Amino acid sequence: MMSTHNDLKSKRLAYTAIIVYSTIVGLSFLFGKIALTVTSPLDSLAHRFTISFIAATIPVTFGWIKLQLKARDMLSILPLAVFYPSMFFAFQAYGLQFTSSAEAGIIHATVPIFTMIAAAYFLKERTTKVQKLSTLLSVAGVIFIFVMKGTSIDISNVKGTLLILLSALSLAGYSVLARRLSGRMKVMTMTYMMTAIGFLVFNFIAISQHVAKGTIAHYFEPFASPVFLLSILYLGVLSSLVSSLLSNYALSKLEASKVSVFNHLATLVSVIGGFVFLGEKLAYYHFIGAAVIVVGVLGTNMGAFGKRKGTSTISVSQKVER
């Protein structure tokens, strides 16, 4: 009876974590736009992961958080970090140079579908017909919003479409791998190593390009802008570090297919954020799309708190950091 109570409590915490995660990611688009008015996409990624790595290292340095990392864990985390943040952000940054953010939003809406297929194959996660239809419904809600805004995918733009599609597949791959690793590895350890690898990868690429062009001084110029500092602090601490921690925690408690569909809530937060902070107008199709997304998310996660036994949910007794 006690284990059932603990299991329900951990699920509630996991759902709270993924909702907060969606809120942070949704608002990150606003701060991302601000950062890109000051510097390039690649430099922005390098700086956000530098801030993220510093923020993650402080509690480790002072002993507030202890990492438990073995040599074999490094080999396990490496593929995870390759998918996210490395491949995900790299494909996204370069893909946005050839396509619009709205087109990218439509393509990224398919991430839960890819995640559901990958989770079924690699993790043997089972979903009901209602859950499958609900996932498709949430995808349709996101696409509906973008299409009604007058957005369509330019099929002739093969390069941009392919890069954004690879970014979406990378996020799906991360969800599946994180779900598998979180059963035997502490969430904070996973998050720290992912952040460290992102810091090394993006700074190596950015600095190498500046050295090759003889523009290394430009690498540090954005920090002279107060607006950039504010945006990069949000992106580095909340959008990169905290969101990864929340996502990894949620994946340690819930099926990857259920967690992935919550990414669509980030679209709603982004729309609301644009209305509140940028004065963007809300149209009737925003409300229709929002309703469809919410129904889809609830349908995908229906019965989550009613089950007393779960075949694919990781036990709370396993070593996962709260």
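Residues numbered from 1 in each chain as written. Predicted model: local features only at pLDDT ≥ 70, side-chain atom pairs only at ≥ 80, totals over all residues. Heavy atoms only, no water.

Participant: Mind laying out the environment of S76, listing which residues take part and the relevant values?
Facilitator: By the secondary structure assignment, S76 is in helix α3 (residues 71–95). Spatially, the C-alpha atoms of S76 and M190 are 9.7 Å apart, while their sequence positions differ by 114 residues. Contacts of S76, omitting those with residues within four sequence positions, involve L181, R184 and M185. One polar contact links S76 to R184, side chain to side chain, over a distance of 2.9 Å. (Helix = DSSP H or I, 4+ residues; strand = E, 2+ residues; numbered from the N terminus. Contact = heavy atoms within 4.5 Å. Polar contact = N/O pair within 3.5 Å; in protein donor to acceptor, adjacent residues only side chain to side chain.)

Participant: Residue-level account of the layout of surface pockets, with values.
Facilitator: Space inside the largest pocket adds up to approximately 1,300 Å³. Residue lining of the largest pocket: 48 residues in total, with V25, S28, F29, Q92 and S101 positioned closest to the centre. Per element, the largest residue contribution to the lining of the largest pocket is nine residues, and it comes from helix α1 (residues 2–36). (1 Å grid on protein atoms, 1.4 Å probe; cavity = no way out; pocket = protein on both sides within 12 Å on 5 of 7 lines; lining within 4 Å. Points joined across faces, edges and corners; volume = space filled by probe spheres on them.)

Participant: How would you explain the side chain of T195 if you had to name every residue and give the values?
Facilitator: The residue T195 is located in helix α8 (residues 187–213) in this model. Overall, T195 belongs to the buried group, its relative accessible area being 3%. Ignoring any residue separated from it by four or fewer positions in sequence, one finds T195 in contact with F49, S52, F53 and L241. (Buried < 20%, exposed > 50% of the residue type's maximum accessible area, 1.4 Å probe, protein only.)

Participant: Before we move on, could you go through unusual backbone geometry and cite the residues and values that matter?
Facilitator: Geometrically, the link from Y84 to P85 is a cis peptide bond, its omega value of 20 degrees lying close to zero. Counting through the fold element by element, P85 comes out in helix α3. Although it is not a glycine, K124 sits at a positive phi angle of roughly 60 degrees. The residue K124 is located in the loop between α5 (111–123) and α6 (129–148) in this model. When its relative accessible area of 58% is taken as the criterion, K124 is described as exposed.

Such coordinate-based values are descriptive only and should not be taken to indicate function.
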